[in-house]
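A closer look at the structure
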Amino acid sequence: MQQAKWIKPYGDTLDDGRVQLSFTLPVAMDDNAKEAARRLALAMGLEEPAVSHAQDIGQGFSFYVVYGQCKHRVDLSTIKVAKPDFEVLDKDEINRLIAEKMGRKMVVLGACIETDAHTVGIDAIMNMKGYNGHKGLESYHEIRAINLGAQVDSEDLVARAIDERADVILVSQVVTQKNIHLDNLTRLSDILEAEGLREKVILVVGGPRISHELAKELGYDAGFGPGSYAENVASFAIDEWIKRSARKAA
Amino acid sequence: MAQLQLDVARIARARESARRIGRQVHEDSSRKTTTTVERATLRLMGIDGVDENQVPLPNRVVEHLRERGLLAHGAAPLVAGAMDAQGMSAQQVAEAVAHGRLAIERPRDEARARALADASAAHMCDHIATQRASRAARIAASGEPPTPWLYLIVATGNIYEDIVQARAAAEQGADIVAVIRSTGQSLLDYVPYGATTEGFGGTYATQENFRLMRAALDEVGEKAKRYIRLTNYCSGLCMPEIAAMGAMERLDMMLNDSMYGIIFRDINMQRTFIDQFFSRMVNGYAGIIINTGEDNYLTTADAVEAAHTVLASQLINEQFAVLSGLTPDLMGLGHAFEIDPALENGFLWELAHAQLVRQVFPEASLKYMPPTKHMTGNIFRGHVQDALFNIASTVTNQHIHLLGMMTEAIHTPFIQDRYLSIENARYVFRTMRDLHSEIEFKPGGQIEQRAQQVLAETEAILAEVERTGLPAAIAKGTFADISRRPDGGKGLDGVLAKADDYHNPFPALMLQGH
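Everything numeric here is computed off the predicted structure, so don't read it as measured data. (Residues numbered from 1 in each chain as written. Chains lettered and ligands numbered in written order. Predicted model: local features only at pLDDT ≥ 70, side-chain atom pairs only at ≥ 80, totals over all residues.)

Broken down by element type, chain A carries 7 helices and 10 strands. Over its C-alpha trace chain A gives a radius of gyration of 23 Å, far above what one expects of a compact globule, namely 18 Å for 250 residues. Seen through its principal axes, chain A has C-alpha atoms that stretch 70 × 50 × 35 Å. Per-residue burial for chain A yields a buried fraction of 36% across its 250 residues. Restricting to contacts in chain A with at least 6 residues of sequence separation, those with at least 24 account for 66%. (Helix = DSSP H or I, 4+ residues; strand = E, 2+ residues; numbered from the N terminus. Rg over C-alpha atoms; globule rule 2.2 N^0.38 Å. Buried ≥ 20, exposed ≤ 12 C-beta atoms within 10 Å, placed from the backbone. Contact = placed C-beta atoms within 7 Å.)

Set out below in structure tokens:
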């Protein structure tokens with residue numbers, strides 16, 4: 001049994017629990033509305049809440065900045081976040097592993113599927129330039145990276161995956177309004193299943209609202225959230241490929 | 001105003017290249033029409049509404065003409081001929097076709113059908129001219145706001161919720177409200193109908209939604225004694241139809257790029273070149289400011305490396321706009337503040353790019369877009385990035401200023417995000433109002449040298465595009481590092497060659513004097 005490690009927010013003194021939050025109430029600003037903002041913070045579990053800023057923002061709305069002391073705490077020792085189990089390698093190491101274990105180029109197909117038109121995420125992983133100094137998969141000489149871009153129908157993506165004999169399908173979902181990404185992602189995984197391809201490809205999803213846990217729930221092999229780069233995705237892909245071929249051999 | 005020393009002859013040569021590039025494309029594409037151009041023409045003749053399956057009647061009629069092998073002659077005289085023969089209005093003809101009660105034939109008297117189509121078109125042009133005059137009168141009464149104009153986005157998916165947010169934005173000081181479209185609408189080959197409340201990442205562009213938002217903004221504008229401009233998206237597979245709807249309902253701005261759909265939505269380039277011409281012609285006649293989409297190049301390609309592709313594309317967009325009869329004040333040429341914040345002196349290069357564009361297009365209503373690519377979930381840093389963007393905008397005298405949101409990388413804006421963003425911009429614009437006329441760029445300094453370098457690269461790339469032709473240049477991935485082929489992409493099936501006797505009444509009416 002691990003020792004408990006209780007933590008709460010830190011302002012300037014350990015365990016003071018100080019947090020800040022801001023929100024809008026759908027009423028015009030007056031003293032009652034301001035008191036309502038304070039009580040709301042209280043109900044959220046903030047002790048001694050103080051409204052540091054209150055402003056009418058027109059059309060019957062008012063905006064608040066509130067400080068308070070969070071009375072809740074969590075035991076860090078009990079937390080174990082689901083993460084894909086692999087080591088993040090650098091580009092040279094990934095290329096070397098692909099060459100050694102696969103003996104051919106790894107084919108990675110990337111797309112924003114269905115209605116999603118926001119390619120910033122898929123571009124950051126796939127395109128030569130990459131993001132934040134991390135080069136994209138196109139720059140890996142052992143990877144054939146094909147970026148299909150925005151609004152690709154799941155059927156088209158799967159057809160292309162068959163044509164290109166894709167090892168990895170990487171989809172991005174940025175628009176998550178009304179949870180449309182869940183429908184889109186389920187649809188793709190269903191089509192792959194129906195085509196009998198699900199076991200053959202490594203299926204990966206990324207996006208600002210994507211976690212590995214959510215990806216697993218949706219039947220994906222891995223999910224990558226904010227702060228992921230090409231090397232994270234590629235490291236997972238080759239690791240998963242090696243594990244699968246070992247399972248097949250066994 | 002602070003000015004950079006630029007080689008004027010170089011600007012002239014680049015512009016001349018762009019002129020020849022535009023003319024070549026225009027000559028090739030004017031021999032063809034598209035299904036959406038014909039549908040827009042029918043909408044402008046008064047056909048609206050949907051059938052029992054929610055298929056718009058303009059689509060039904062155009063499909064009908066296509067099936068009968070008649071569309072290449074132009075939808076307008078065919079429908080006018082049917083109106084004459086049946087003693088019906090255009091709408092009645094469309095309804096009869098949709099119900100299978102009428103099969104349209106070649107008109108017995110071709111000249112008479114044309115004259116009727118011309119008269120019907122002239123009637124609509126009068127309506128659009130009245131809308132334009134109404135806008136001018138409202139602006140004259142309230143006065144133009146100082147530039148940069150504050151441009152805000154609403155994107156709830158529900159037109160009634162959009163109206164609540166738009167009214168709040170206008171009350172807080174927005175000069176322009178843009179209603180973002182539902183994701184995916186650009187790839188619909190029809191325009192949805194009626195008031196809509198279910199969109200994703202935005203609200204469907206429909207004529208009824210246009211009308212509802214226009215009325216709301218007029219009302220809040222009258223109270224605030226300001227004219228609030230309304231913006232929508234004239235892009236995708238239905239560019240010309242959305243232009244027609246916007247012209248009828250007095251929209252003030254339309255996102256309307258000559259190449260955006262090709263590059264970023266994989267819409268066929270022949271289709272796009274034809275559609276952008278017609279839609280821009282309608283926008284120009286209606287006095288609608290077009291907004292071009294060069295900012296998008298910088299979200300895909302690197303903002304420093306690709307700076308010259310922005311200017312090259314703006315020069316091409318300018319020439320397509322000229323061919324469609326747009327005056328410089330209606331050209332909202334787009335660019336963006338997208339340099340990586342980690343880059344040393346990045347702000348200097350932003351100033352260089354923004355000032356360069358200002359000087360190359362002194363009369364244009366430049367549209368300056370905020371940081372998006374390098375926005376993170378760190379809203380506090382994001383607010384600072386937006387403040388720097390605001391400074392660059394006022395110092396270089398930009399015209400249309402799309403407000404950055406500190407929650408850019410997280411969600412569509414909350415009402416307070418918009419409020420804080422306006423407060424940020426108004427503070428910067430107020431405290432630096434005359435800064436641009438008080439400072440000068442150091443002659444031969446880093447900013448000036450950077451601008452000269454981008455200009456030189458622009459001239460070179462345009463010379464290259466002129467040599468290969470624009471379609472080949474796009475196929476090579478010249479813009480945004482994305483390659484598209486002339487026969488690829490969506491919507492090619494809607495492109496058809498015009499017959500020798502093709503007739504459309506609108507170009508003659510709308511391009512008068514150009």
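Looking only at helices and strands, chain B has 20 helices and 11 strands in total. In terms of overall size, chain B behaves like a compact globule, its C-alpha atoms giving a radius of gyration of 23 Å where 514 residues would be expected to give roughly 24 Å. Referenced to the eigenvectors of the C-alpha coordinate spread, the extents of chain B come out at roughly 70 × 55 × 40 Å. Across the 514 residues of chain B, 58% fall into the buried class.

Let us now look at unusual backbone geometry. Here the residue pair T147(B) and P148(B) is connected by a cis peptide bond, since its omega of -5° sits within 30 degrees of zero. Tracing the sequence through the fold places P148(B) in the loop between helix 6 (110–142) and strand 2 (149–154). Backbone geometry at Q59(A) places phi at a positive 55°, although glycine is not the residue there. Judged by the 18 C-beta atoms lying within 10 Å of it, Q59(A) is partly exposed.

Right, let's talk about the domain arrangement of chain A for a bit. When cut into domains, chain A gives domain 1 (6–76) and domain 2 (91–249). In this structure, domain 1 of chain A and domain 2 of chain A have C-alpha centres spaced 40 Å apart. (Domains from an automatic or database assignment.)

With that settled, consider the environment of V27(A). Residue and element names in this part refer to chain A. With respect to the helices and strands, the residue V27 is situated in the loop between strand 2 (18–25) and helix 1 (31–43). Since 14 C-beta atoms lie within 10 Å of it, V27 is described here as partly exposed. In sequence terms V27 and I79 are 52 residues apart; their C-alpha atoms lie 39 Å from each other. Ignoring sequence-local partners within four residues, the contact set of V27 consists of A33, G60 and S62.

Since there are 3.6 residues in each turn of an α-helix, residues three or four apart along the chain are aligned in direction. All names here are of chain B. With 18 residues, helix 11 (residues 269–286) should cover 26 Å at 1.5 Å per step; its first-to-last C-alpha distance of 25 Å lies within 8% of that length. Here helix 11 lies mainly inside the structure; 18 of its 18 residues are buried. Where helix 11 terminates, the next one or two residues include G287, which has phi positive at roughly 70°. (Expected span 1.5 Å × (residues − 1).)

All right, on to the interface of chain B and chain A then. Interfaces are often sized by the accessible area lost when the parts come together. Each partner contributes residues to the interface: chain B has 27 residues there, and chain A has 24 residues. When residues of the side of chain B that touches chain A are traced back to their parent elements, those giving at least two are helix 7 (159–172), helix 10 (260–265), helix 12 (295–300) and helix 16 (415–431) of chain B. The greatest single-element share of the side of chain B that touches chain A, amounting to 5 residues, is contributed by helix 7 of chain B. Split into classes, the residues belonging to the side of chain B that touches chain A amount to 10 nonpolar, 10 polar and 7 charged. (Nonpolar A, V, L, I, M, F, W, Y, C, P; charged D, E, K, R; others polar.)

Residues and elements named next belong to chain B. Parsing chain B into structural domains produces domain 1 (32–121) and domain 2 (256–447). Each partner contributes residues to the interface: domain 1 has 6 residues there, and domain 2 has 5 residues. At the level of elements, strand 1 (32–34) and helix 2 (35–44) are the ones that each hand at least two residues to the side of domain 1 that touches domain 2. The residue makeup of the side of domain 1 that touches domain 2, split by class, is 2 nonpolar, 3 polar and 1 charged.

Now for the sheet that holds strand 7 (residues 143–147) of chain A. All names here are of chain A. Spatially, 7-6-8-9-10 is the arrangement adopted by the 5 strands of the open sheet, whose pairing is parallel. Of all strands in the sheet, those with a lone pairing partner are strand 7 and strand 10 (222–224), marking the two edges. Within this sheet the neighbouring strands show an average axis-to-axis angle of 20°, counted without direction. As paired strands, strand 9 (residues 202–206) and strand 10 are joined by 3 bridges and run parallel to one another. (Pairing = 2+ DSSP bridges. Axes fitted to C-alpha atoms, helices over the stretch in contact; angles between N-to-C directions.)

The next thing to look at is the sheet that holds strand 9 (residues 367–369) of chain B. Residues and elements named next belong to chain B. Taken together, the 9 strands give an open sheet; going across it, the order is 7-6-5-4-3-2-10-9-8, and neighbouring strands pair in parallel fashion. Each edge of the open sheet carries a strand with a single partner, namely strand 7 (331–332) and strand 8 (334–336). Looking at chain direction, strand 5 (residues 253–255) and strand 6 (residues 289–291) are connected through 3 bridges and run parallel. Each bridged residue has a counterpart across the sheet, and for M254 the counterpart in strand 6 is I290. Across the sheet, helix 7 is in contact with strand 2 and strand 3 (176–179); its angle to strand 2 comes to roughly 160°.

Moving on: the nonpolar core. Membership of the largest hydrophobic core comes to 213 residues, with the highest contact counts inside it found for V204(A), V79(B) and V177(B). In this view, V79(B) contacts L42(B), M45(B), V61(B), A90(B), V93(B) and I104(B); residues no more than four positions away in its chain are not counted. (Core = buried A, V, L, I, M, F, W, Y, C linked by C-beta atoms within 7 Å.)

So, on to helix 9 (residues 239–248) of chain B. Residue and element names in this part refer to chain B. Of all 10 residues that make up helix 9, 10 are buried, and the element is covered over most of its length. When helix 9 is considered as a whole, its buried residues turn out to be M239, P240, E241, I242, A243, A244, M245, G246, A247 and M248. Along its buried surface, helix 9 packs onto helix 2, helix 6, helix 8 (207–224), strand 4 (229–233), strand 5 and helix 11. A positive backbone phi angle near 55° is found at R250, which sits one or two residues after helix 9.

A few words now on the pairing of strand 3 (residues 46–58) of chain A. Alignment of strand 3 of chain A against strand 4 (residues 61–70) of chain A, held across 9 bridges, turns out to be antiparallel. Across the sheet, the residue bridging to L46(A) is C70(A), located in strand 4 of chain A.

Let us look at the environment of D56(A). Residue and element names in this part refer to chain A. Counting through the fold element by element, D56 comes out in strand 3. Between the C-alpha atoms of D56 and V27, which are 29 residues apart in sequence, the distance is 8.7 Å. Contact partners of D56, with chain neighbours within four places excluded, come to A28, M29 and S62.

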